[in-house]
Amino acid sequence: MGTAETGHQPVLLERIVALLAPALDPPGAVLVDTTLGRAGHARALLDAHPELVLIGLDTDAAAIEESGRLLARYGDRVRLTRVVYDQIATVLAQLGLSTVQGVLFDLGVSSPQLDERDRGFAYSYDAPLDMRMDQGQALTAADVLNTYPAARLARVLREYGEERFARQIADAVVRERSRAPLSSTGQLTEIIRTAIPAPARRSGGHPAKRTFQALRIEVNGELDALANALPAALDALAIGGRIVVLAYHSLEDRLVKRTLAARAADTTPPGLPVPLAAARPQFRLLTRGAERPSAAEVAANPRAAPARLRAAERIREAA
């Protein structure tokens, strides 16, 4: 919906609209889109709910500017803030809101960010080693690659990229930067290609994929921000409010799964004869496991392929 304006195809759009509908139907409902991007999901939800108020967050100044243009027709139903999504509680307090009815996370790098060559997110073409979602921050991928000791760099690649050959790649980076600092994604891609054994390069997708993911997560502090943002988002939901999260790699999805499962569990200590009222679940899960895009959606939009969707609804206040 409205994607022709930007060329961006929101992932699992119809499913997300359906999951959030019961929470957003009441007049005056408020939705926080924590990762606004180019507002593909947001526009569909604003159209589906004519009285909905949208609070849109994004750390990328270009995303805020472009989505502001795309959402202008909705007038004062839309409030945009350039901020990292772990600041959700601060934003809501500044707006005088104690609760909201919906929260949406669409994690990872956006299609426009991948397509903007000078941002350095993609390994498919040569670009500066940047990878900052907030271009006002200091740390870049070049800083990580040119200053981290080999052991620290290997840990980043292993933990955030789940890269089997993390140490080999880190050692190759250190050797190469001793000649001259690394400055481009093309250089990095070639270093990775030569560091990974030939048999491993022939399976598992592009050999640079995991390293680029790891660097992006490190540069932007993505997992730390998500670990802080998810509890804050859940705390902000009113009774009947719903959260929907789209994750694109297993590290994000595991964190989402654990956080939602903890809030949907009965925490009565084992051995008690009856459940404690204060220990009853605060949320109920709306998805069985992680839902994935259909084959037809992936064929139309290959970038949707790794998406994993999870959702939950608040069913009682915290004790």
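Scope of this entry: the structure provided in the associated data block. (Residues numbered from 1 in each chain as written. Predicted model: local features only at pLDDT ≥ 70, side-chain atom pairs only at ≥ 80, totals over all residues. Heavy atoms only, no water.)

**Let's talk about helix H13 (residues 250-263)**
For H13, built from 14 residues, the straight-helix expectation of 20 Å at 1.5 Å per residue is met to within 8% by its first-to-last C-alpha distance of 20 Å. Of all the positions in H13, only Ser-250, Leu-251, Glu-252, Asp-253, Leu-255, Val-256, Thr-259, Leu-260 and Arg-263 are classed as buried. Residues of H13 that are buried in the fold lie against helix H7 (150-161), helix H11 (209-220), helix H12 (222-236), strand S5 (237-247), strand S6 (283-285) and strand S7 (308-314). (Helix = DSSP H or I, 4+ residues; strand = E, 2+ residues; numbered from the N terminus. Expected span 1.5 Å × (residues − 1). Buried < 20%, exposed > 50% of the residue type's maximum accessible area, 1.4 Å probe, protein only. Contact = heavy atoms within 4.5 Å.)

**What about helix H8 (residues 166-177)?**
The end-to-end C-alpha separation of H8 is 16 Å, in line with the 16 Å expected for 12 residues at 1.5 Å each. All of the buried residues along H8 are Ala-166, Ile-169, Ala-170, Ala-172, Val-173 and Arg-177. In an axial view of H8, the angular spread of the buried residues amounts to 160°, which keeps them on one side of the axis. (Arc of directions from axis to C-beta.)

**As for the packing of aromatic side chains**
Counting across every chain of the model gives two aromatic pairs. Geometrically, the ring pair formed by Tyr-85 and Phe-105 is edge-to-face, given 5.4 Å between the ring centres and 80° between the ring planes. Taken together, the residues Tyr-85 in the loop between strand S3 (78-82) and helix H4 (88-94) and Phe-105 in strand S4 (residues 100-106) connect sequence positions 20 residues apart. Like Phe-105, Tyr-85 is buried. Summarising the aromatic geometry, the rings of Tyr-123 and Phe-212 are spaced 5.5 Å apart at their centres and angled 85° between planes, so their arrangement reads as edge-to-face. In this pair, Tyr-123 is assigned in the loop between helix H5 (111-115) and helix H6 (141-147) and Phe-212 in helix H11, connecting sequence segments 89 residues apart. Judged by its relative accessible area of 29%, Tyr-123 is partly exposed. In this arrangement the basic side chain of Arg-152 is found over the ring face of Tyr-148, its NZ or CZ atom lying 3.7 Å from the centre. (Phe/Tyr/Trp six-rings, centres within 6.5 Å; stacked < 30°, edge-to-face > 60°. Lys NZ or Arg CZ within 6 Å of the ring centre and 35° of its normal.)

**Examining the packing of helix H9 (residues 185-195) against H11**
Helix-helix packing is characterised by the crossing angle of the two axes and by the distance between the axes. In the contact formed by H9 and H11, the axes pass within 10 Å of each other and the chain directions differ by 130°. Put simply, H9 runs oblique to H11. For the pair H9 and H11, the crossing hand works out as right-handed. Residue-level contacts link Thr-185, Leu-188, Thr-189 and Ile-192 of H9 to Thr-211, Phe-212 and Leu-215 of H11. The residue inventory of the contact of H9 with H11, partitioned by class, reads four nonpolar, three polar and no charged. (Axes fitted to C-alpha atoms, helices over the stretch in contact; angles between N-to-C directions. Parallel < 35°, antiparallel > 145°, perpendicular 65-115°, else oblique. Left-handed = near helix turned anticlockwise from the far one by under 90°. Nonpolar A, V, L, I, M, F, W, Y, C, P; charged D, E, K, R; others polar.)

**With respect to the packing of H7 against H11**
Contact geometry of H7 with H11 gives a least axis separation of 8 Å together with a crossing angle of 105°. By the criterion of interaxial angle, the relationship of H7 to H11 is roughly perpendicular. Every residue of H11 that contacts H7 at Arg-152, Leu-153, Val-156, Leu-157, Tyr-160 and Gly-161 is listed here: Arg-210, Thr-211, Gln-213, Ala-214, Leu-215, Ile-217 and Glu-218. Grouping the constituent residues of the contact of H7 with H11 by class yields seven nonpolar, three polar and three charged.

**Points about the nonpolar core**
One broad trend across soluble globular proteins is that nonpolar side chains are buried collectively. Grouped together as the largest cluster of nonpolar side chains are 35 residues, with contacts concentrated most on Leu-153, Val-173 and Leu-188. Those elements that place two or more of their residues in this core are H6, H7, H8, H9 and H11. Core analysis: the next-biggest nonpolar cluster, separate from the first, contains 31 residues, Val-30, Val-83, Phe-105 and Ala-312 among them. (Core = buried A, V, L, I, M, F, W, Y, C linked by side-chain atoms within 4.5 Å.)

**Comments concerning the sheet that holds S4**
Strands sit in the order S3-S2-S1-S4-S5-S7-S6 across an open sheet of seven strands; the sheet is mixed. Here the strands that pair on one side only, and so sit at the sheet edges, are S3 and S6. Adjacent strand axes in the sheet meet at a mean angle of 15° when their direction is disregarded. Across six bridges, the pairing between S4 and S5 is parallel. Looking at S5, one finds that Val-100 is bridged to Leu-237. Here helix H2 (residues 40-48) sits on the sheet in contact with strand S1 (30-33), strand S2 (53-58), S3, S4 and S5, set at roughly 150° to S4. (Pairing = 2+ DSSP bridges.)

**A closer look at the pairing of S5**
Put simply, side chains in a regular strand alternate between the two faces of the sheet. Among the 11 residues of S5, nine are classified as buried, and the element is accordingly described as predominantly covered. Where S5 meets S7, six bridges bridge the pair, whose relative direction is antiparallel. When the bridges of S7 are listed, Ala-247 appears paired with Arg-308.

**Structural notes on the pattern of salt bridges**
In total, this model carries 14 salt bridges according to the counting rule given. For the salt bridge of Glu-291 with Arg-15, the shortest nitrogen-to-oxygen distance reads 2.7 Å. Note that Glu-291 is positioned in the loop between S6 and helix H14 (295-300) and Arg-15 in helix H1 (residues 13-24), a separation of 276 residues in sequence. Residue Glu-222 pairs with Arg-216 through a salt bridge whose shortest N-O separation is 2.8 Å. No difference in accessibility class separates Glu-222 from Arg-216, as the two residues are buried. Beyond isolated ion pairs, a larger network of salt bridges with shared partners links Arg-242, Arg-284 and Glu-313. (Salt bridge = Lys/Arg side-chain N within 4 Å of Asp/Glu carboxyl O.)

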